[in-house]
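Descriptive structure summary
Listed below are the residues making up each chain.
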Amino acid sequence: MGSVGAKEIPVLLNADGRRIDGRRLDELRQLSITAGPLNQADGSAFVEWGANKVMAAVYGPREVHPRHLQENNKAIVQCRYNMAAFSVDERKRPGLDRRSQEISKVIAEAFESVIFVEEFPRTSIDVYIEVLQANAGTRCAGVVAASVALADAGIPMVDLLPSVAVGKIGGAIALDLKKEEDNFGEADLPMAMVPQSGRLVLLQMEGHMNREELSQALELGVSGCRQIHEKMKAALRERYAPSSANPSEAAA
Ligand code: ADP
């Protein structure tokens, strides 16, 4: 631990290039995805990613509430991202704050650009994301969970939407920041990508990076998204064709 004034700040990057949890700069935290854990929802997914635990549920296409939001030529995508009051160490005020509203909006816009919304006029596709335990990158975990939940609900989409945050810690570009790295690092850049085309449909940035660092960060994020995409597909295969996902189990 280094110290600045009265505040203790952790050393984010060791001399050997390892991070506080021992990861390399280009390494993801452990990610596990379960498709379809909820019976009530049309589609659902549970994601455990590092210390994050996030549940997503999808309903629709269904009647629009409130009615005046209805669009005659397409479905609308509504998203509610919420962090449970018990999801963080410090007590969080329950309910929808400005941060949750902003995250809900950018996630809804990301999904609206990949769902074939014209196929379902005058309906709503409702995406609920509940963060049960938070440790940075929860909006990305939310996008991953919601994307698998949308596929589980059978909503037609261009592709799944892998998502990850890239950042800058101790002067270096790093994949998939955890809480201390997010809090004490120099920059945090969450992104979501359409794997087929490489199109970015969510991109935000907090902190500072120069042009070269930004392009390095995007490149690292793209490779992270490709790894996450494989896990998302595997989670759906496990639900719908477990024998092909796990041939040894099928034989037993
Ligand atoms: P993301 O979770 O997408 O990285 P932020 O960068 O805004 O979003 O938040 C980083 C982390 O800070 C969160 O994952 C969570 O662990 C913590 N955090 C965010 N909001 C609060 C809050 N109101 N109270 C306590 N901790 C919070």
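Let us look at the overall build of the protein. Within the protein, the regular secondary structure consists of 6 helices and 12 strands. Its C-alpha atoms give the protein principal-axis dimensions of about 55 × 50 × 35 Å. By the burial criterion, 46% of the 252 residues in the protein qualify as buried. Within the protein, contacts between residues at least 6 apart in sequence are counted, and of these 65% link residues at least 24 apart.

Since there are 3.6 residues in each turn of an α-helix, residues three or four apart along the chain are aligned in direction. Over its 30 residues, helix α4 (residues 211–240) extends 43 Å from the first C-alpha to the last, a length consistent with the 44 Å expected when each residue adds 1.5 Å. Buried residues of α4: Glu213, Ala217, Leu220, Gly221, Gly224, Cys225, Ile228, His229, Met232, Ala235 and Leu236, and no others. For α4, the elements touching its buried residues are β3 (31–35), β4 (43–49), α2 (138–152), β8 (163–169), β9 (172–175) and β10 (187–194). At the N-terminal boundary of α4, the capping side chain belongs to Asn210, with an oxygen 3.1 Å from the backbone nitrogen of Glu212.

What follows deals with the nonpolar core. One finds Trp49, Ile107, Phe111, Ile115, Ile129, Leu150 and Leu161 to be the most contacted residues of the largest nonpolar core, which totals 64 residues. In terms of residues, this core owes the most to one element, α2, which gives 9 residues. When sequence neighbours within four positions are dropped, the list of residues in contact with Leu161 reads Ala110, Phe111, Val114, Val143, Val144, Ser147, Ala192, Met193, Val194, Val201 and Met232.

Calculation notes
Residues numbered from 1 in each chain as written. Predicted model: local features only at pLDDT ≥ 70, side-chain atom pairs only at ≥ 80, totals over all residues. Heavy atoms only, no water. Helix = DSSP H or I, 4+ residues; strand = E, 2+ residues; numbered from the N terminus. Buried < 20%, exposed > 50% of the residue type's maximum accessible area, 1.4 Å probe, protein only. Contact = heavy atoms within 4.5 Å. Expected span 1.5 Å × (residues − 1). Polar contact = N/O pair within 3.5 Å; in protein donor to acceptor, adjacent residues only side chain to side chain. Core = buried A, V, L, I, M, F, W, Y, C linked by side-chain atoms within 4.5 Å.

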